[in-house]
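Overview (structure and organization)
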There are 2 protein chains.
Amino acid sequence: MYTINEVAVICDLSVHTLRYYDKEGLLPFISRNKSGNREFTEQSLGLIKIICCLKNTGMPIKHIKQYVDLCMVGETKVDDRKKMLVEHRREVAKQMDEMRKNLNIIDLKIALYEKGDQHEFAHHLEPARSE
Amino acid sequence: MYTINEVAVICDLSVHTLRYYDKEGLLPFISRNKSGNREFTEQSLGLIKIICCLKNTGMPIKHIKQYVDLCMVGETKVDDRKKMLVEHRREVAKQMDEMRKNLNIIDLKIALYEKGDQHEFAHHLEPARSE
DNA sequence: ATATCAATTAGAGTTAGATCGAAGTCAAGT
DNA sequence: ACTTGACTTCGATCTAACTCTAATTGATAT
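All values derive from a computational prediction rather than experimental measurement. (Residues numbered from 1 in each chain as written. Chains lettered and ligands numbered in written order. Predicted model: local features only at pLDDT ≥ 70, side-chain atom pairs only at ≥ 80, totals over all residues. Heavy atoms only, no water.)

What follows concerns the protein's contact with DNA strand D. In the vicinity of DNA strand D, 16 residues are found, and the nearest of them are Asn5, Arg19 and Arg38 of chain A together with Tyr21 and Ile61 of chain B. Taking all atoms of DNA strand D within 4 Å of the protein, the share assigned to sugar and phosphate is 76%. Within the side chain of Tyr21 of chain B, one N or O atom sits 2.6 Å away from a phosphate oxygen of DNA strand D. Taken together, the elements giving at least two residues each to the surface near DNA strand D come down to α1 (4–11) of chain A together with α2 (15–23) of chain B. Top element by residues in the surface near DNA strand D is α2 of chain B. It accounts for 4 residues. Grouping the constituent residues of the surface near DNA strand D by class yields 5 nonpolar, 7 polar and 4 charged. (Near = heavy atom within 4 Å. Polar contact = N/O pair within 3.5 Å; in protein donor to acceptor, adjacent residues only side chain to side chain. Helix = DSSP H or I, 4+ residues; strand = E, 2+ residues; numbered from the N terminus. Nonpolar A, V, L, I, M, F, W, Y, C, P; charged D, E, K, R; others polar.)

Spelled out as structure tokens, the structure:
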């Protein structure tokens, strides 16, 4: 059993954020002890890690909630869960591709600077027959 | 010469966004025609593409502004510009690495679902001696 | 010249995702 | 009993990056 503070450290989230996630319905699986404090099991930690993983790859909180809800209803929805992940996987792959392209452009630009080739303004601001 | 609408289409940005960028000082290089409308040159387009590239890789508007400002003062700041890009490049590489790791976790999870191995709640919610 | 369309501005509003503050509860230690 | 400190809630606030509104001006077509 872990307290909210321990989970915050383990998962690199703030306590605020964890409570916020709970409020948003992302953590329906945690229970409370007799004084009303949240108790996190090993199993919770596992799912929270998945949640972070989805969040860090840009899945919106609302979709994450959908996924978690599917996790809570039991085996019946395994196909749906898998479908969500596969779809998200595709999304992430697309993002990475975009990223790669942009990285290439940045690299190209750096290479130009390396060549002393600036391609910018100011240094050839001859008005070029301003109309 | 391009109008704001044409640029919006070419760069896949809304007209609103372009004006917002201008207001934020990201487009100090564009001029106005006699009726006060923005005029975009071929050269502007080039820099706007770089701006988008930086934005799409997560550089905040404020940093982009710094970069653009360096572009405007001429050759003197080529080193600084390059430094900014190199630094950002590193940042982006880090992001991609994170992304890759998360993608792996997602793939793992998908594989588990494929094996019919769910690892979630509900289906073994025997109270496990609740305390 | 009048209707329509495209562009302008300043500034308000929106969204997502936190992040914080105030006020209060609870349990352990001295 | 009292302080300490971790926890609670609710609601306000914050930031980034738009997104929209309203009122207006200017250019184009009939």
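The next point concerns α2 of chain B. All names here are of chain B. Burial in α2 covers these residues: Val15, Leu18, Tyr21 and Asp22. The arc that holds the buried residues of α2, viewed along the axis, is 120°, so those residues lie on one side. Among the exposed residues of α2, those pointing more than 90 degrees away from its buried face are His16 and Lys23. Looking at the buried positions of α2, the neighbouring elements they touch are α1 (4–11), β1 (31–32), β2 (38–39), α3 (42–56) and α4 (61–72). (Buried < 20%, exposed > 50% of the residue type's maximum accessible area, 1.4 Å probe, protein only. Arc of directions from axis to C-beta. Contact = heavy atoms within 4.5 Å.)

In the vicinity of DNA strand C there are 17 residues, among which Tyr21 of chain A together with Asn5, Arg19, Arg32 and Arg38 of chain B approach most closely. Backbone sugar and phosphate groups make up 75% of those atoms of DNA strand C lying within 4 Å of the protein. Side-chain polar atom of Tyr21 of chain A to a phosphate oxygen of DNA strand C: 2.7 Å apart, as the coordinates give it. Contact between DNA strand C and Arg38 of chain B: a phosphate oxygen at 2.7 Å from a side-chain N or O atom of the residue.

So, about helix α5 (residues 78–114) of chain B. When the terminal C-alpha atoms of α5 of chain B are compared, their 53 Å separation across 37 residues agrees well with the 54 Å that a helix rising 1.5 Å per residue should span. Once α5 of chain B finishes, Gly116 of chain B follows within two positions and takes phi at roughly 75°, a positive value. (Expected span 1.5 Å × (residues − 1).)

Right, let's get into the confidence of the model for chain A. For chain A, per-residue confidence averages 87 on the pLDDT scale, and residues scoring 70 or more make up 90% of the total. Predicted confidence is poor over residues 122–131 of chain A, with pLDDT under 50, and the contacts of this stretch with residues over four places away or in other chains come to 9 contacts. (pLDDT = per-residue confidence, 0-100.)

Each side of the interface is counted separately: chain B has 43 residues, and chain A has 43 residues. Across the interface of chain B and chain A, roughly 4200 Å² is buried in total on both sides, 73% from carbon and sulfur atoms. Here chain B is connected to chain A by 4 salt bridges. The residue Lys82 of chain B makes a salt bridge to Glu114 of chain A at a minimum N-O spacing of 2.9 Å. Put simply, chain B and chain A have 6 residue pairs in polar contact (both at pLDDT 80 or more) between them. Listed by contribution, the elements that provide at least two residues to the side of chain B that touches chain A are α3, α4 and α5 of chain B. The leading source of residues in the side of chain B that touches chain A is α5 of chain B, at 21 residues. (Buried area = accessible area lost by both parts, 1.4 Å probe. Salt bridge = Lys/Arg side-chain N within 4 Å of Asp/Glu carboxyl O.)

The next thing to look at is the packing of aromatic side chains. Residue and element names in this part refer to chain A. What the rule picks out here adds up to 2 aromatic pairs over all chains. Consider the rings of Tyr20 and Tyr21, whose centres lie 5.7 Å apart with planes at 45°: the pair is tilted. By relative accessible area, which is 39% here, Tyr20 ends up partly exposed. Judged by relative accessible area, Tyr21 falls into the buried class, the value being 5%. (Phe/Tyr/Trp six-rings, centres within 6.5 Å; stacked < 30°, edge-to-face > 60°.)

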